[in-house]
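Letter by letter, the chains look like this.
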Amino acid sequence: MTIGSIKSVKEKKSRKSKQAVVDEQSPLLPTKHQEDGGFDEFNGASFSGAVFNLSTTIVGAGIMALPATMKVLGLIPGIVMIILMAFLTEASIELLIRFSRTSKSVSYGGLMGDAFGKYGKMLLQICVLVNNIGVLVVYMIIIGDVLSGTASSGTHHAGVLEGWFGVHWWNGRFFVLLVTTLGVFAPLACLKRIDSLRYTSALSVALAVVFLVVTVGITVFKLINGSILMPRLLPDFHDLTSFLNLFTVVPVLVTAYICHYNVHSIENELEDGRQIRAVVQSALALCSSVYVLTSLFGFLLFGDATLDDVLANFDADLGIPFGSLLNDVVRVSYAAHLMLVFPIVFYPLRLNLDGLLFPSARPLTLDNSRFAFLSSGLIAIIFLGANFIPSIWDAFQFTGATAAVCIGFIFPAAITLRDRYGISTKRDRILCIFMIVLAVFSNLVAIYSDAYALIKKNSAPRE
């Protein structure tokens, strides 16, 4: 082997150095790291670290809404839809990776800019901002509800800290969220590389598994006792409205799998960028397994009494030994899980806001003042939103779910149908048309259903 061939092998293994030179059009990710010495001591992320980071991006608050989809669809169609959505997500990410390599783009925004110009890139950045800010405010609200309690329909549901220590000023929502923000969110948000979060991501996935194991254990115990009824296997619809209601679960499922905005960041830090497809497939296999088991055993446990947020079902007596302790384990592990998911979702939010506000500036990781300004500003907005918005689930469905389907399905399909480089196949185009039709129709039905329910609720006579 000659010196020249050794050099070519090294260049092939390090995609980051090559892409950093050829793609100078993307402001979302650093493109001059080697010139400025940004990552001189960083030799690349490991495969396992990348899998955990992508898995953490996927498994967020969406896992708690999945058992409710079983109530709408029935057990069999519900599980089939979870698996189908995993395959569609993998297909859409594969399209992004393929077109990114052909166009030599190192970010989702760069790819959208290559296909549709600066306005296409700006549209993606806005969708990421809407989706991720909404998601992070929801995370913080849930953490506050779990630890400090919440009021619903005039009834106060005690938080874990209230149950342990009683009501005090220091376990109120504002103070608990302030301590969580300063002690957990801010330090993790200050990390400049997504690979630096690999250990917290692994712990986050482990906490999601703890929630799953406890749920499975409770369900098996009640199955042995014979206190669980036969679940509904198929959907129950008798008119057009109930039929259309089946499609309202699609935005929930799409939101549960949304991770596209972090794929490029993770790929760019991989030691061998060619492993990204295996990373995506491994993460989706892990998360879909968790989703199927959580949906199955959550619906078995609570049946048609399953709430939109299954965590709320663990507020009541489970009718088993140590039920109160297990309730606390479930709620605390989930709250800790969301705390560790927060920085993974925050990372692309900051990058996209930087690309939107400072498209011509040098890489964000090399400008400490800009990095601190954007990080502190976003954290402050999310903190204020979580404290002064009592419930944003309706807004989350209208904005977050709509932005999520754009990021997950519509934009990858549009890039493929645009096909600037002539690399798409007939199968790709058929798949993209299916994804767009499914996403648009399902979201229109979901928005109509939510708006109709809201209007009906407001127009109902008050006693």
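Within every chain, residues take consecutive numbers counted from 1 along the sequence as written. Under the rules for a predicted model, residues below a pLDDT of 70 receive no local features and side-chain atom pairs below 80 are neither given nor counted, while totals for whole chains, interfaces and linings still include all residues. Values shown for side chains rest on all heavy atoms present in the structure; no hydrogens or waters enter the calculation.

Peer 1: Kindly report on the packing of helix 13 (residues 260-269) against helix 15 (residues 323-357), identifying the contributing residues and their values.
Peer 2: Contact geometry for helix 13 and helix 15: axes closest at 10 Å, N-to-C directions at 95°. In terms of orientation, helix 13 lies roughly perpendicular with respect to helix 15. Of the residues in helix 15, those in contact with Tyr 261, Asn 262, Ser 265 and Glu 269 of helix 13 are Ile 344, Val 345, Tyr 347, Pro 348 and Leu 351. The angle between two axes is taken between their N-to-C directions and runs from 0 to 180 degrees, where each axis is a line fitted to C-alpha atoms and a helix contributes only its stretch in contact. Helix numbering and strand numbering both begin at the N terminus, where a helix is a DSSP run of H or I of at least 4 residues and a strand a DSSP run of E of at least 2. Every angle not falling under 35 degrees, over 145, or within 65 to 115 is termed oblique; those three ranges are roughly parallel, roughly antiparallel and roughly perpendicular. Pairs of residues are marked as contacts when any of their non-hydrogen atoms sit within 4.5 Å.

Peer 1: Quick rundown of the packing of aromatic side chains? Include the residues and the values.
Peer 2: Any pair of Phe, Tyr and Trp rings, taking the six-membered ring for Trp, is counted once the centres come within 6.5 Å. Such a pair is stacked with planes under 30 degrees apart, edge-to-face with planes over 60 apart, and tilted for the rest. All chains considered together, the criterion is met by four aromatic pairs. A centroid spacing of 5.5 Å and a plane angle of 65° characterise the contact between Phe 174 and Phe 383, whose relative ring orientation is edge-to-face. Here Phe 383 lies in helix 16 (residues 368-388) and Phe 174 lies in helix 9 (residues 173-189), a separation of 209 residues in the sequence. An angle of 15° between the planes, with centres 5.9 Å apart, marks the rings of Phe 342 and Phe 346 as stacked. Note that Phe 342 and Phe 346 are positioned in helix 15 at a spacing of four residues, about one turn of the helix. Here a set of aromatic residues connected by ring pairs shows up, and it is made of Phe 185, Phe 342 and Phe 346.

Peer 1: Explain the nonpolar core to me, and be specific about the residues and the numbers.
Peer 2: With 124 residues, the main nonpolar core has Leu 54, Ile 58, Tyr 291 and Phe 346 as its most contacted residues. Once you skip the residues sitting within four places of it in the chain, Phe 346 turns out to touch Leu 136, Ala 189, Ser 375, Leu 378, Ile 379 and Ile 382. Side-chain atoms within 4.5 Å link the members of a nonpolar core, which is a set of buried Ala, Val, Leu, Ile, Met, Phe, Trp, Tyr and Cys residues. Buried means the residue's accessible area, taken with a 1.4 Å probe over protein chains only, is under 20% of the maximum for its type, while exposed means over 50%, and partly exposed covers the values in between.

Peer 1: Outline the state of the cysteines, supporting the account with residue identities and numerical values.
Peer 2: The term disulfide is used for any two cysteine sulfur atoms that are within 2.5 Å. Under the definition given, this model contains zero disulfides. Here Cys 127 stays free of any disulfide, with the sulfur of Cys 406 as its closest cysteine sulfur at 4.6 Å. Among the residues examined, Cys 127 registers a relative accessible area of 10% and is labelled buried. Summary of cysteine pairing: Cys 259 is not part of a disulfide, and the nearest cysteine sulfur, belonging to Cys 287, is at 7.9 Å.

Peer 1: Describe the pattern of salt bridges, with residues and values.
Peer 2: Only one rule defines a salt bridge in this text: a Lys or Arg side-chain nitrogen within 4 Å of an Asp or Glu carboxyl oxygen. Counting across every chain of the model gives eleven salt bridges. Among the salt bridges present, the one from Arg 277 reaches Glu 90, with a minimum N-O distance of 3.1 Å. Of this pair, Arg 277 sits in helix 14 (residues 276-302) while Glu 90 sits in helix 6 (residues 75-103), and the two are 187 residues apart along the sequence. In this structure Glu 90 comes out as buried when scored by relative accessible area, which is 18%. The salt bridge partner of Asp 272 is Arg 274, with a shortest N-O separation of 3.0 Å.

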